[in-house]
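# Structural description and commentary
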Amino acid sequence: MFPKFINIRQHHKARSEIKDIPQAVRDAVNKCGADMSGLSGKTVGIAVGSRGIKNIDIIVKSTVDEVRHAGGIPVVFAAMGSHGGGTADGQREVLAALGVTEESIGCKIRTGIESVYYGIGANGTEVFANPIALEFDKIILINRIKMHTDFEDVTESGIYKLMAVGLGNPKGAGIIHACSHTVGYGEAIRNAGNVILNTLPVLFALAVTENWKHETDSIEAILPENLLETEKRILKEVKAGAIALPLKVFDILIIEQAGKQFSGTTVDTKVVGRIRIAGEKEPEFPKIKNIAVLDFTKESHGNAMGLGIVDIISRRAYDNINIVDTSLTGVTSTCLDQAKIPCVAPDDKTMIETCFRACGITEPENSEIMLIRNTSELEYMAVSMNAYEKLKENDDIEAIGAFYELEFDINGRMIDPLSDNNLK
């Protein structure tokens, strides 16, 4: 017998959402002190990666508009390492999936997977990156600054990673990942990023952050000479405002959807407490016996890199995986465990039942379970009765409605208890 569940809401402070993105971009550019007066007739390359960033299409278009307003000729180019299947067409498809197309942003988009020698980093590593970037008179770098799923450091996922891994294309990204085994990810990324920063005519970087509700809450333009210290400061602020699962130790986590738009590892390693990379320290919490995923998003284009950190998935999730693209990313990143395919259950109901057996749970009705939409949405979730007993005295937890039993259709597919109608 499955336990009964109840829907809950986590209350957590968040910085205010930016409502006028174009104005925020204009203000950031004007404030940073970049010399926009010298752009007349100059070609300006705008580097855009593959990460799911809220309002990325508007942010890119607003940047394009600022360059054109200053008399420059904007050109967006892909900076996404091995994503997009390691092909130029794949890169364009990934950008289009993010809403970044030539029609939406109003300028040309260039893609390409070649890498050329840029120089040698402070640690002696050869740095290879996109030759397209060398063709522009000026460069603008756009990325979101956030916690990285594979390591913890003073800089993680942000502008430096966009340069070192994104601009590196498959070859450059592969070198960085291999180098990380000796010097660590953060150091490898910063070393390569400094080489690229000293090679390219970077005008400024546009650093975007989101609050835990995944609303754009900050847009800051940074001059290249201030980049390292500013990125450190911004990441520290992001970490301070992060949200987490409300229990540190429990039996089973059920994730309705995994995907690249939620995390580079499809499920956020910092949320689930697993990294699974040789040499990288595992998070202390949370400690979860079994993690299950019901579905894998089509927006991920089959790249299931990172799904190897979970224990079991449903057949419908498995059917959306592209083994070739996933393997390519695993080999490029040298994180083979993260690229593995979990056990596969024929349907949702069987998958949850299997979790009980795998955890050694003989009385499922007494188990502690949390059910979330994805690892990016932690405001609303469902918890089993025993899990709720540990949370009900928490002032930040609000119960929604009454206890209920999970329902499944005739094919064993779970009827979503976290639909909007159930959260009112």
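Residues numbered from 1 in each chain as written. Predicted model: local features only at pLDDT ≥ 70, side-chain atom pairs only at ≥ 80, totals over all residues. Heavy atoms only, no water.

## A look at the overall build of the protein chain
Spelled out, the test is: Starting at the N terminus, helices and strands are each numbered in turn, a helix being any DSSP run of H or I of at least four residues and a strand any DSSP run of E of at least two. Atoms considered for the radius of gyration are the C-alpha atoms alone. The globule rule reads 2.2 Å times the number of residues to the power 0.38. Each residue gets one of three labels from its accessible area relative to the maximum for its type: buried under 20%, exposed over 50%, partly exposed in between, using a 1.4 Å probe on protein chains only. Residue contacts follow a heavy-atom distance rule, with two residues in contact if any of their heavy atoms lie within 4.5 Å. Exposure was quantified through the Shrake-Rupley algorithm and a 1.4 Å probe, taking into account, for residues, occlusion by the shown protein chains and nothing else.
Along the protein chain, the regular secondary structure elements total 13 helices and 16 strands. For the protein chain, whose C-alpha radius of gyration is 22 Å, the value lies close to the compact-globule estimate of 22 Å for 424 residues. Taken along the three principal axes of its C-alpha coordinates, the protein chain extends 70 × 40 × 35 Å. Classification of the 424 residues of the protein chain by burial places 58% in the buried group. Residue pairs at least 24 apart in sequence account for 73% of intrachain contacts in the protein chain once pairs closer than 6 positions are excluded. Here the protein chain displays about 17500 Å² of accessible surface, and carbon together with sulfur accounts for 49% of that area.

## Here we look at the sheet that holds strand 16 (residues 397-404)
Our working definition: If DSSP finds at least two bridges between two strands, the strands pair. Axes here refer to lines fitted to C-alpha atoms; in helices the fit is confined to the stretch in contact. Angles between the N-to-C directions go from 0 to 180 degrees.
The strand order 13-12-11-10-14-15-1-16 describes an open sheet built from eight strands, whose pairing is mixed. At either end of the open sheet lies a strand with only one pairing partner, and these are strand 13 (343-345) and strand 16. Direction aside, neighbouring strands of the sheet carry axes that sit 25° apart on average. Alignment of strand 10 (residues 249-258) against strand 14 (residues 369-372), held across four bridges, turns out to be parallel. Residue pairing for strand 14: I255 is matched across the bridge by I372. Sitting on the sheet, helix 12 (residues 348-359) touches strand 10, strand 11 (287-296), strand 12 (312-314), strand 13 and strand 14, and the angle it makes with strand 11 is about 165°.

## Digging into the pairing of strand 3 (residues 73-78)
Which entries qualify depends on this criterion: Orient the strands so they point away from the viewer; a crossover is then right-handed if the path from the first strand over the helix to the second runs clockwise.
By the criterion of burial, strand 3 is predominantly enclosed, with five of the six residues buried. Bridging between strand 2 (residues 43-48) and strand 3 involves six bridges; their strand directions are parallel. Across the sheet, the residue bridging to T43 is I73, located in strand 3. Between strand 2 and its parallel partner strand 3, the chain crosses via helix 2 (residues 56-69), and the hand of that crossover is right-handed. Note: strand 3 against strand 4 (residues 108-110), three bridges, orientation parallel. Along strand 4, the bridge assignment pairs F77 with R110.

## So, the state of the cysteines
Put simply, the rule reads: The rule for a disulfide is simple: a pair of cysteine sulfur atoms within 2.5 Å.
One pass over the full model with this rule turns up zero disulfides. A disulfide-free cysteine, C355 has its sulfur positioned 6.2 Å from the sulfur of C359, the nearest such atom. Looking at C355, the relative accessible area reads 1%, which means it is buried.

## Re the packing of aromatic side chains
Worth spelling out the cut-off: Each pair of aromatic rings taken from Phe, Tyr and Trp, with Trp reduced to its six-membered ring, is defined by centres within 6.5 Å and is described as stacked if the planes are under 30 degrees apart, edge-to-face if over 60, and tilted in the remaining cases. When the NZ atom of lysine or the CZ atom of arginine is within 6 Å of a ring's centre and also within 35 degrees of its normal, the charge is said to sit over that ring.
Applying the stated criterion across every chain, the model contains six aromatic pairs. Summarising the aromatic geometry, the rings of Y117 and F128 are spaced 5.7 Å apart at their centres and angled 70° between planes, so their arrangement reads as edge-to-face. Taken together, the residues Y117 in strand 5 (residues 116-120) and F128 in strand 6 (residues 126-129) connect sequence positions eleven residues apart. For F128, a relative accessible area of 13% puts it in the buried group. An aromatic cluster is present here, built from F2, F356 and F408 joined pairwise through their rings. For K171, the ring lying beneath its charged end belongs to F128, and the centroid distance is 4.0 Å. The residue whose ring lies beneath K287 is F285, and the NZ or CZ to ring-centre distance is 5.7 Å.

## Examining the packing of helix 5 (residues 159-166) against helix 8 (residues 227-240)
A pair of packed helices is characterised by two quantities: the angle between their axes and the separation of those axes. Test applied: Residues are grouped as follows: Ala, Val, Leu, Ile, Met, Phe, Trp, Tyr, Cys and Pro are nonpolar; Asp, Glu, Lys and Arg are charged; every other residue, Gly included, is polar.
Relative orientation of the contacting elements helix 5 and helix 8 amounts to 115°, with a least axis distance of 9 Å. Only L227, L228 and E231 of helix 8 make contact with helix 5, whose side of the interface consists of I159, Y160 and M163. Per-class residue counts for the contact of helix 5 with helix 8 are five nonpolar, no polar and one charged.

## Points about the side chain of N320
The topology assignment puts N320 in the loop between helix 10 (315-318) and helix 11 (323-333). When near neighbours in sequence (up to four residues on either side) are disregarded, N320 contacts D295, F296, K298 and G302.

## Regarding the nonpolar core
Worth spelling out the cut-off: For our purposes a nonpolar core is just a set of buried Ala, Val, Leu, Ile, Met, Phe, Trp, Tyr and Cys residues, chained together by side-chain atoms within 4.5 Å.
In terms of nonpolar packing, the biggest core is built from 45 residues, with L141 and L167 touching the most fellow members. Of all the secondary-structure elements, those providing two or more residues to this core are strand 3, strand 6, strand 7 (138-144), helix 5, helix 6 (169-183), helix 7 (185-199), strand 8 (202-210) and helix 8. With residues up to four places along the chain from it excluded, the contact list for L141 reads A47, I159, L162, M163, L167, V202, F204, A205 and L206.

## Focus: the pairing of strand 14
Along strand 14, one buried face is formed by I369 and L371 and the opposite face, lined by M370 and I372, is buried too. Where strand 14 lies against strand 15 (residues 380-384), two bridges are found, and the strand directions are antiparallel. Each residue of the ladder has a partner; that of M370, found in strand 15, is V383.

## Concerning the sheet that holds strand 9 (residues 216-222)
Taken together, six strands build an open sheet; the order of strands is 4-3-2-7-8-9 and the sheet is mixed. The sheet terminates laterally at strand 4 and strand 9, the two strands that pair on one side only. Averaged over all neighbouring strand pairs, the angle between strand axes comes to 20°, with direction disregarded. Here helix 1 (residues 21-32) sits on the sheet and contacts strand 8 and strand 9; the angle it forms with strand 9, its principal contact strand, is near 30°.

## As for a nonpolar patch on the surface
Our working rule: Residues qualify for a patch when their relative accessible area is over 30% and they have no salt bridge, like charges being joined within 9 Å and the nonpolar side chains of Val, Leu, Ile, Met, Phe, Trp and Tyr within 5 Å. By definition here, a salt bridge exists when the distance from a side-chain nitrogen of Lys or Arg to a carboxyl oxygen of Asp or Glu is within 4 Å.
Side chains of Y318, I323, I341 and V344 sit close together on the surface and give an oily, nonpolar patch of about 290 Å² of accessible area. When you line up the elements, Y318 lands in helix 10. Using a relative accessible area of 32% as the deciding quantity, one classes Y318 as partly exposed.

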